[in-house]
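# An overview of the molecular structure
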Amino acid sequence: MTDSTTRRVGPGRPRDPRADTAILTAAVELLIERGIAQTSMEGIARRAGVAKATVYKRWSSKEELLAEAIEAAREDIPAINEQEWNLPLPDLVEAMLPRWGEALANPRYRALTARLVGAGPDHPELLSAYWHHHVAPRRERAKAVLRHAQDVGALSPDADLDLLIDMLMGAMIHRLALEPDESSEPDSTAHADYVRRLLRQAGLSIGGGGGGRKSGRSSTQRS
């Protein structure tokens with residue numbers, strides 16, 4: 001369960017985490033298959049094999065549920081483990097690149113991103129819920145990492161971090177949602193190389209070329 005799911009637990013019978021997982025999985029599946037307009041709380045309940053009241057007891061609106069379901073799907077992407085946070089920044093990036101490449105090549109994740117990008121005009125409540133509860137906290141974590149890159153000399157101290165994050169996010173969304181992947185076998189290696197080149201163009205010194213200042217410090221810190 002996510003933190004937001006845990007916060008909704010109230011008095012009475014303990015929540016069944018299996019029901020939470022089934023509901024979130026069903027929500028993602030229907031969102032990808034049918035789009036937001038054709039996905040309903042009732043349909044999610046049927047797909048998850050739970051009563052409609054069970055869904056409404058956990059989420060007050062479809063937008064709230066879908067926002068959390070999208071975030072739960074994102075959690076399938078492997079995160080940095082405790083040992084990797086002690087790596088030098090270039091080595092940390094190299095350790096993460098294959099995982100980012102796999103995410104960019106994943107047809108399910110690409111379809112999910114495309115659905116979310118297309119939600120803006122007709123479903124602003126979903127974008128608002130997803131932004132405030134999930135995107136904004138991630139931006140703050142990304143900004144902390146970029147500040148550390150500045151501290152160790154891997155990024156210009158004059159870099160506008162908010163603008164840099166916007167540029168990186170925009171390029172990744174373009175790759176995920178707008179650029180067609182016409183290969184029969186998605187190439188995660190090619191996508192990982194794209195992210196590497198993107199980071200270098202953004203000014204990060206991550207080895208093998210790119211801008212930024214070299215650093216004598218060898219370790220990064222978790223933020």
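Heads up: the structure comes first, above all this text.
Here's a quick rundown of the structure. (Residues numbered from 1 in each chain as written. Predicted model: local features only at pLDDT ≥ 70, side-chain atom pairs only at ≥ 80, totals over all residues. Heavy atoms only, no water.)

### Quick word on the overall build of the chain
If you tally the helices and strands in the chain, you get ten helices and zero strands. The buried share of the chain, taken over its 223 residues, is 40%. For the chain, long-range pairs separated by at least 24 residues make up 64% of all intrachain contacts whose partners lie at least 6 apart in sequence. (Helix = DSSP H or I, 4+ residues; strand = E, 2+ residues; numbered from the N terminus. Buried < 20%, exposed > 50% of the residue type's maximum accessible area, 1.4 Å probe, protein only. Contact = heavy atoms within 4.5 Å.)

### Description of the nonpolar core
With 28 residues, the main nonpolar core has Ile23, Ile44, Val55, Trp59, Leu65, Leu66 and Leu126 as its most contacted residues. Among the elements of the structure, helix 2 (17–34), helix 3 (41–48), helix 5 (62–74), helix 7 (107–117) and helix 8 (124–151) are those that each provide at least two residues to this core. Among the nonpolar cores identified, the runner-up in size contains 24 residues, and Val93, Ala149, Leu164 and Ile206 belong to it. (Core = buried A, V, L, I, M, F, W, Y, C linked by side-chain atoms within 4.5 Å.)

### A short note on the packing of aromatic side chains
A full pass over the atoms with the stated rule returns zero aromatic pairs. The positively charged end of Arg175 is found above the aromatic ring belonging to Tyr194, 4.1 Å away from the centroid. (Phe/Tyr/Trp six-rings, centres within 6.5 Å; stacked < 30°, edge-to-face > 60°. Lys NZ or Arg CZ within 6 Å of the ring centre and 35° of its normal.)

### Some thoughts on the pattern of salt bridges
Scanning all chains against the criterion turns up 13 salt bridges. The shortest N-O distance in the salt bridge between Glu140 and Lys143 comes to 4.0 Å. Within this pair, Glu140 and its partner Lys143 are both found in helix 8, separated by three residues, close to a single helical turn. A relative accessible area of 12% places Lys143 in the buried class. The salt bridge partner of Arg175 is Glu179, with a shortest N-O separation of 3.3 Å. Taking the relative accessible area as the measure of exposure, Arg175 reaches 11% and is therefore buried. (Salt bridge = Lys/Arg side-chain N within 4 Å of Asp/Glu carboxyl O.)

### Details of the environment of Ala149
Turning to its location among the elements, Ala149 is positioned in helix 8. Overall, the relative accessible area of 1% leaves Ala149 in the buried class. On a C-alpha basis, the gap between Ala149 and Ile206 in space is 9.8 Å, while along the polypeptide they are 57 residues apart. Beyond its immediate chain neighbours, meaning those up to four positions away, Ala149 contacts Leu89, Ala154, Leu155 and Leu204.

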